[in-house]
Amino acid sequence: MAKDKKDTEKQEIPLTEWQQRNLEFLRKKQEEKLEKEKLNEKKIAEKRAQFQTDKDVSKEAKSKAKEQPVSDRDAEQEKPKEKQAKVKKPKKKRPRVIPRKDFWQAFLVITVSVLVLLFSLFMVSPFSRQKKVKVSGNKNTIEAQLIERSGIKKSDYLTALIFDRSRFETTLKAKDKWIKEAHLIYHFPNNFTLKVKERSIIAYRKTDNGYIPILENGAQADTVNASELPESFLTINLDKVQDVQVLVKKLAKLDQALVKEIKTISSANSNSTKDLLLLEMTDGNTVRVPLSEIDSKLPYYPKIKKNLTGSSIVDMEVGLYSTNSDIEAALAEHKSSATSQSSSEEESSEPSADDNSSSSSAESGETTQQVTEATAAP
């Protein structure tokens, strides 16, 4: 009894908090260990059962195989072999397909790079400066001079002539007075044609050294010999260059058939009209017309000459009328006689003065009648 009491006393001793926690931890660990042992036992039992079932299945398969004929066995043996062969064949890898967009981008980059490389090599090589230049359309100018005046040099690159053609065309027109139009045409691979249009010759001016061609813009070219002149040409005998330029521009406005009928143009040296010109026509007639009005009055000449007989003078200074050399001489003589009579002595008698005045009036009337009869209105 005493021992039992001692045991109960010992059991009744209260435990500390740490001891309680320790007992709980040991109890939990013991429970987890038991659970693991149970799981392991279950797994082992399942494996044994699976092994036993596989063993039973293999025994049944063997017993069935013994019952089947030999041909069936061979067929069954061949099937797994075929499956193994199919499995053993490696799968063919499909080639990687580049997207169309990426392909064209790469192609564009490569093409541009190649073109830039080829262009760079060409510019470095001597072929970039080899060129052939020909001139067409020139009649009064020399080919070598035109090429030189255009500014084309042997050291110029082909690209300069191709992309900067307007510069050479403008330079040639500015430096050569003959050139009216110029076009530099490129022909592959390195050929160029300088196509020019020359200004036409309107007339010639006679000098001591020869004849100077006067172009359609009024410019004067280099002197030429008489052997180089055409069969028929217009000669201008004016001293002032400005008057020549104005005259040529006005003649360019007229009908060229009418201009070809003019043989020479010279100054009439008139005191009343300073720009009065004297035109000698190929048909033998003479025309007096002011320079400022030649483009408006001279077109009437073809109508007037239809009514003329023989060599006549067509005066267009004031109005339009025709006369001849005989009438002009008579008028000149009448003017001179009238002047001499007006300067006669004042002491002369009145009857004599009356006789002179009556005779002079009769003469002037006859002269005026002759001029009126010879006049042909257009």
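Here the structure is a predicted model, which is why all the values come from computation and not from measurement.

The next point concerns the overall build of the protein chain. Counting its regular elements, the protein chain contains 13 helices and eleven strands. Across the 378 residues of the protein chain, 24% fall into the buried class.

The next subject is the pairing of strand 5 (residues 211-215). Most of strand 5 sits out of view: five of its five residues are buried. Residues Y211, P213 and L215 line one face of strand 5 and the alternating positions I212 and I214 line the opposite face, and both faces are buried.

This part is about the nonpolar core. Of all hydrophobic cores here, the largest spans 28 residues; its most connected members are I236, L247, L251, L279, V287 and L298. Among the secondary structure elements, those contributing two or more residues to this core are strand 4 (201-206), helix 8 (241-253), helix 9 (256-260), strand 7 (262-267), strand 8 (276-281), strand 9 (286-290) and helix 11 (301-305). Residue contributions to this core peak at four residues, all from helix 8. Excluding residues that lie within four positions of it along the chain, L298 makes contacts with L254, L258, I262, L279, V287, E293 and M316. Of all hydrophobic cores here, the second largest spans 15 residues; its members include V133, F168, L172 and I179.

A word on the UniProt feature "transmembrane region" (unreviewed entry) in the protein chain. Mapped onto this structure's residue numbering, the UniProt feature "transmembrane region" (unreviewed entry) falls at residues 103-124. In residues 103-124, the share of helix is 100% and the share of strand is 0%. The end C-alpha atoms are 32 Å apart.

We now examine the pairing of strand 2 (residues 179-187). Note: strand 2 against strand 3 (residues 191-198), eight bridges, orientation antiparallel. Across the sheet, residue I185 finds its bridge partner in strand 3, namely T193. With antiparallel pairing between neighbouring strands as the criterion, strand 2 and strand 3 make up a hairpin whose turn holds three residues.

Time to look at the packing of aromatic side chains. The full count for this structure, using the stated rule, is six aromatic pairs. Between the aromatic rings of Y211 and F233, the centroid separation amounts to 5.8 Å while the plane-to-plane angle is 75°, which identifies the pairing as edge-to-face. With Y211 in strand 5 and F233 in the loop between strand 5 and strand 6 (235-237), this residue pair connects regions lying 22 residues apart in the sequence. We classify Y211 as buried; its relative accessible area is 16%. Among the aromatic residues, ring-to-ring pairing joins F103, W104 and F107 into one connected group.

Now for a nonpolar patch on the surface. Residues I110, V114, L115, L117, L118 and L121 make up a contiguous nonpolar surface patch of about 590 Å² in total accessible area. Structurally, L115 can be placed in helix 4 (residues 100-124).

Before going further, it helps to spend a moment on the pattern of salt bridges. Taken as a whole, this structure holds eight salt bridges when the rule is applied. For the salt bridge of K250 with D295, the shortest nitrogen-to-oxygen distance reads 3.5 Å. In this pair, K250 sits in helix 8 while D295 sits in helix 10 (residues 294-297), placing the two residues 45 residues apart along the sequence. For K250, a relative accessible area of 16% corresponds to the buried category. The partly exposed category is assigned to D295, whose relative accessible area is 25%.

Moving on: the sheet that holds strand 1 (residues 132-136). Spatial strand order, 1-3-2: three strands in an open sheet with mixed pairing. Either end of the sheet is taken by a strand with one partner, and the two such strands are strand 1 and strand 2. Neighbouring strand axes in the sheet, compared pairwise and without regard to direction, differ in orientation by 20° on average. Both strand 1 and strand 3 contribute to a ladder of five bridges, which runs parallel.

Before going further, it helps to examine the side chain of N285. Within the secondary structure, N285 sits in the loop between strand 8 and strand 9. Side-chain polar atoms of N285 contact the side chain of Y301, separated by 3.0 Å. Of note is the side chain of N285, whose polar atom sits 3.0 Å from the backbone nitrogen of S312. If we ignore the near neighbours within four places in the chain, the residues touching N285 are L279, E280, Y301, K305, L308, G310, S311 and S312.

What counts and how
- Residues numbered from 1 in each chain as written.
- Predicted model: local features only at pLDDT ≥ 70, side-chain atom pairs only at ≥ 80, totals over all residues.
- Heavy atoms only, no water.
- Helix = DSSP H or I, 4+ residues; strand = E, 2+ residues; numbered from the N terminus.
- Buried < 20%, exposed > 50% of the residue type's maximum accessible area, 1.4 Å probe, protein only.
- Core = buried A, V, L, I, M, F, W, Y, C linked by side-chain atoms within 4.5 Å.
- Contact = heavy atoms within 4.5 Å.
- UniProt positions renumbered as here; feature names shortened; annotations may be inferred.
- Pairing = 2+ DSSP bridges.
- Phe/Tyr/Trp six-rings, centres within 6.5 Å; stacked < 30°, edge-to-face > 60°.
- Patch = residues over 30% accessible without salt bridge, like charges linked within 9 Å, V, L, I, M, F, W, Y side chains within 5 Å.
- Areas by Shrake-Rupley, 256 points an atom, 1.4 Å probe, with all protein chains shown as cover.
- Salt bridge = Lys/Arg side-chain N within 4 Å of Asp/Glu carboxyl O.
- Axes fitted to C-alpha atoms, helices over the stretch in contact; angles between N-to-C directions.
- Polar contact = N/O pair within 3.5 Å; in protein donor to acceptor, adjacent residues only side chain to side chain.

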